[in-house]
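# Tertiary structure, described
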Amino acid sequence: MQLPSVNDILNSIQKTVIRFPLAVLAFFGTSVVAIILNHNFNSDLMPLLLTLLTSVPLAIGVDLFVESQKGKVIFKTLARILLIALMVTAYFFFFNSYDSWSDRESMQTFLIILTSIIFAFFAPFISKGRENGFWQFVVAVIFAFVETFLYFAVLYLGIVALMISINYLFDVEIKELYFFDVWVSLVGYIASIFFLNRVPANFQALDKTTNYSKILNVLVDYVLLPLVCLYMVLIYAYIAKIIFMWEWPMGGVASWVTGFLSVGVVAYFFSNVAWFKKWFYVAAIPLIAVLFLAVGMRINDYGFTEPRYFVALFGVWMSVMAIYYLVSRAKSLKFILMSAFVLILISAFGPQSAFDVSRWSQINRLEQILDEEGILVDGKIVPVAEGKSMEISRVSDIDSILYYLDRSDSLDEIEPWFDKQILDSHDASLAMGLTQVSTYDDVNIGAQYVTYLLKEEYDCMDNIYACARDVKGYKYFYNFDYYTLDYFPFIFNAGDQKYSLQHDDGVLTLKNDSGGLLSVNVANFVESLDGEDSGVGQFIVPGEQMVIVENDVEFVITRITVKLENGEFSALDSIGGYFLIDDLQ
């Protein structure tokens, strides 16, 4: 095979830049900003990075659409000006508030990028017809991406091996930061051009192409389809179990069904096997019903959250596609991407979005619980009387909803219920008086929940933000306070190290990239505590008893709740505290 000349390479680069000018600029700009942030992180640059990153797939899609319409130069120029105006607007009115973002904005950014990528796939084929050209285009773009990734991943590994060799043989210190710089430079400056150069340009010729990749044929028809069929047998066996044993589906089954149907849709798109295309959506109908049943039970019990919303939305998408492909004569493959594009956009913004629906669902659920417990009366919080008993599951539900609202930056929606400003979920819990509730368990008769509080925290609980903590001798501080174990493992970064607090069978273990640092047997720890009984299922424990120090790490437990059965430790229920980590770690 003859290698391309320098002129050939330069001509290819020139054609690619002329064809995708904004995408190339966005790739280059993203790389420059990413490298700057890698060496000196500045949150002020994050809005620019996110704007450029989001612009890449959108710019590709816009150029492909304009190209497919055979528009004149003025049309291309106008489309690009409009795209620039859109991204400038997004920068100032969306990305520029990055410092105050919650999970909502991060997820919306991901959904914008996802819809932009989907748009780029069908942009040249929005008009009717050219079904084969559309399919060939999608396959060609995917193969171009995989080819680009493999080439440059191998090149990156080779460069890294060379850098490590120089470091070892010549005792030259090459910082780890430069490894990331190399990858970003390869992707942004070289791989981007390589990939864009391989995006098909002759859409008319694609429609006449009849090639079917042998690699794709083997992968889809001889690997993917058998797996889909075997998995379908498994899911149908589970449906039979539901029918014959009258056992409602577990909430987790929704994830399994969603995963299977997703793989099935991919197989449907790429396969040329006639019987599979004829029967897949027929066979999918019972699975869609199980999906709705499983997620519907979770929503009925616990309300909407973003994950449940998206699972339900996936069920809607599958239902729409099943109806379309079973009824429509056209059976256009474009419908898969176009319908996904529309539904994802619907889920990202507006009152029907995943975020607004979930927020109001949880607020309504919280209002109902508080009203039933007599904590919310005439729209105002009435703190729980000291010593009042509440079922532990109710307290846990309230705390989990408050934490959700705090994490989603939505506590301001319930602030009118309170007579003071609410700073976080813990502050709201204090205002409700939940810390002085005596809890019981209706499910496990004889079970008791006991909370141990750090004395220093308890003494200033009414004004917790006035309590300063001594961090002398340590460089890093990480605080956490979770009222459910669903968030294990807790993962956080300190310097160049990633730390993880894990819980397994009553043992808490702190690990970092180098291995285990600290281990606490909860049963032994609780047994060793000697605190003052406050009379409401709480013990106030002196600070020295709530501190564990190992391997230059200080673990201070500010609150720990455990489940006791017949006076003996049974399980960890919830925990709060903070870590102080020395610079040596």
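First things first, this report covers the structure right here in the doc. (Residues numbered from 1 in each chain as written. Predicted model: local features only at pLDDT ≥ 70, side-chain atom pairs only at ≥ 80, totals over all residues. Heavy atoms only, no water.)

### Describing the overall build of the protein
We count it as follows: Here a helix means four or more residues in a row that DSSP labels H or I, a strand means two or more in a row labelled E, and each is numbered from the N terminus. With residues, only the protein chains shown are counted as cover, and all accessible areas are computed by Shrake-Rupley using a 1.4 Å probe. Positive residues here are Lys and Arg, negative ones are Asp and Glu, while His and the chain termini are left out of the count. Where a charge lies is defined by one atom per residue type: Lys uses NZ, Arg uses CZ, Asp uses CG and Glu uses CD.
The helix and strand inventory of the protein stands at 18 helices and 15 strands. Carbon and sulfur atoms make up 61% of the accessible area of the protein, which totals about 30,900 Å². Considering the protein, the positive charge centre built from 36 side chains and the negative charge centre built from 62 side chains are found 20 Å apart.

### Here we look at the packing of aromatic side chains
Defined as follows: Note on aromatic contacts: the rings of Phe and Tyr and the six-membered ring of Trp form a pair at centre separations within 6.5 Å, being stacked when their planes are under 30 degrees apart, edge-to-face when over 60 apart, and tilted otherwise. The buried label applies to any residue whose accessible area, calculated with a 1.4 Å probe on protein chains only, is under 20% of its type's maximum; exposed applies above 50%, and partly exposed to all values in between. Look at NZ for Lys and CZ for Arg. If either is within 6 Å of the ring centre and within 35 degrees of the ring normal, a charge sits over the ring.
Taken as a whole, this structure holds 41 aromatic pairs when the rule is applied. Taken together, a centroid distance of 5.3 Å and an interplanar angle of 45° make the contact between F94 and W101 tilted. When its relative accessible area of 16% is taken as the criterion, F94 is described as buried. Note on W101: relative accessible area 16%, which makes it buried. An aromatic cluster of three or more residues is present, and its members are Y268, W275, F276, F280, Y281, Y324, Y325 and F335. Taking NZ or CZ as reference, R198 lies 3.6 Å from the ring centre of F194, over its face.

### Some points on the sheet that holds strand β10 (residues 515–521)
What counts, and what does not: Here the rule is simple: two strands pair whenever DSSP picks up at least two bridges between them. To define axes, lines are fitted to C-alpha atoms, for helices over the stretch in contact only, and angles between the resulting N-to-C directions are given on a 0 to 180 degree scale.
Here 4 strands make up an open sheet; going across it, the order is β7-β8-β9-β10 and the pairing antiparallel. Of all the strands in the sheet, just β7 (490–494) and β10 have a single pairing partner and so form its edges. On average, each strand axis in the sheet is tilted by 20° relative to the strand beside it, whichever way the strands run. As judged from the 5 bridges shared by β7 and strand β8 (residues 497–504), these two strands associate in the antiparallel manner. The residue bridging F490 from the neighbouring strand is L501, located in β8.

### Points about helix α15 (residues 392–407)
So the rule is basically this: Expected helix span is taken as 1.5 Å per residue step, with the number of steps being one fewer than the number of residues.
Helix length check: α15, at 16 residues, gives a terminal C-alpha distance of 22 Å against a target of 22 Å (1.5 Å per residue), a fit within 8%. Within α15, burial applies to I392, R394, V395, D397, I398, D399, I401, L402, Y403, Y404 and L405. Once α15 ends, the next one or two residues include D409, with phi positive near 60°.

### Description of unusual backbone geometry
Phi is positive for R130, close to 50°, though the residue is something other than glycine. If you trace the backbone, R130 turns up in the loop between α5 (103–122) and α6 (131–169). R130 gets classed as buried once you look at its relative accessible area, which sits at 17%.

### Focus: the side chain of S332
Here is the rule we go by: Note on contacts: a residue pair is in contact if any heavy atoms of the two residues lie within 4.5 Å.
You can see S332 is positioned in the loop between α12 (306–327) and α13 (334–348). According to the relative accessible area criterion, S332 is buried, its value standing at 11%. Contact partners of S332, with chain neighbours within four places excluded, come to E131, Y324 and Y325.

### Digging into a nonpolar patch on the surface
This is how the line gets drawn: Every patch collects residues that have over 30% relative accessible area and no salt bridge, joining them within 9 Å if they carry like charges and within 5 Å if they are nonpolar side chains (Val, Leu, Ile, Met, Phe, Trp, Tyr). Only one rule defines a salt bridge in this text: a Lys or Arg side-chain nitrogen within 4 Å of an Asp or Glu carboxyl oxygen.
Residues I142, F143, F145, V146, F149, L150, Y151 and I215 make up a contiguous nonpolar surface patch of roughly 780 Å² in combined accessible area. Ranked by residues supplied to the nonpolar patch, first place goes to α6 with 7 residues. Relative to the helices and strands, I142 is located in helix α6. The class of I142 is partly exposed, set by a relative accessible area of 32%.

### What about the nonpolar core?
Here is the rule: Residues belong to a common nonpolar core when they are buried Ala, Val, Leu, Ile, Met, Phe, Trp, Tyr or Cys residues joined through side-chain atoms within 4.5 Å.
Counting 100 residues, the largest nonpolar core has L261, F280, Y281, W317, M318 and I336 as its most contacted members. Beyond its immediate chain neighbours, meaning those up to four positions away, M318 contacts L261, V265, F280, Y281 and I288.

### With respect to the pairing of β8
In textbook terms, the turn of a hairpin is the stretch between consecutive antiparallel strands, and for β7 and β8 this stretch comprises 2 residues, one of which, G495, has a positive phi near 70°. Alignment of β8 against strand β9 (residues 507–512), held across 5 bridges, turns out to be antiparallel. If you follow S500 over to β9, its bridge partner there is K511. The hairpin turn running from β8 into β9, its antiparallel successor, is 2 residues long, and D505 in that turn takes a positive phi close to 55°.

### Comments concerning the packing of α12 against helix α14 (residues 354–372)
Selection criterion: Here the angle decides the label: under 35 degrees means roughly parallel, over 145 means roughly antiparallel, 65 to 115 means roughly perpendicular, and every other value means oblique. Each crossing gets its hand from how the near helix is turned against the far one by less than a right angle, where anticlockwise is left-handed and clockwise is right-handed. Put simply, Ala, Val, Leu, Ile, Met, Phe, Trp, Tyr, Cys and Pro go in the nonpolar bin, Asp, Glu, Lys and Arg in the charged bin, and everything else, Gly too, in the polar bin.
Axis separation between α12 and α14 bottoms out at 9 Å; the angle between their running directions is 125°. Our classification of the angle between α12 and α14 gives oblique. Considering only the axes of α12 and α14, their crossing is right-handed. Residues E306, R308, Y309 and F310 of α12 lie in contact with α14, whose contacting residues are A354, F355, V357, S358 and Q362. In terms of residue class, the contact of α12 with α14 is made up of 5 nonpolar, 2 polar and 2 charged.

### Digging into helix α7 (residues 177–197)
Rules: We define the bend at each residue as the angle formed by axes fitted to the 7 residues ending at it and the 7 residues starting at it.
Here α7 contains 21 residues, and its C-alpha end-to-end distance of 30 Å stays within 8% of the 30 Å for a straight helix at 1.5 Å per residue. Roughly 45° is the biggest bend found in α7, and it falls at A191. Burial in α7 covers these residues: F179, D181, V182, V184, L186, G188, A191, S192, I193, F194, F195 and L196. Residues of α7 that are buried sit in contact with α1 (6–19), α2 (21–39), α3 (46–68) and α6.

### A short note on the packing of helix α10 (residues 253–270) against helix α11 (residues 274–302)
Viewed as axis vectors pointing N to C, α10 and α11 meet at an angle of 160°, and their least axial separation amounts to 10 Å. Between α10 and α11, the angle is such that the two are roughly antiparallel. Between α10 and α11 lies a crossing of left-handed hand. Touching V253, A254, V257, T258, F260, L261, G264, V265, A267, Y268 and F269 of α10 are F276, K277, F280, Y281, A284, L287, I288, V290, L291 and A294, all from α11. Looking at the contact of α10 with α11 residue by residue, the class counts come to 18 nonpolar, 2 polar and 1 charged.

### Re the pattern of salt bridges
Taken as a whole and assessed by the stated rule, the structure comprises 12 salt bridges. When the shortest N-O distance is used, the salt bridge between D63 and R80 registers 2.8 Å. You can see D63 sitting in helix α3 and its partner R80 sitting in helix α4 (residues 73–93), a full 17 residues away along the chain. Take D63 and R80: they sit in the same class, and that class is buried. Taking the shortest distance from any N to any O, the salt bridge between D356 and R104 comes out at 2.6 Å. Here D356 is found in helix α14, whereas its partner R104 is found in helix α5, with 252 residues between them in sequence. Salt bridges sharing partners connect three or more residues here, namely R104, D356, R359 and E413.

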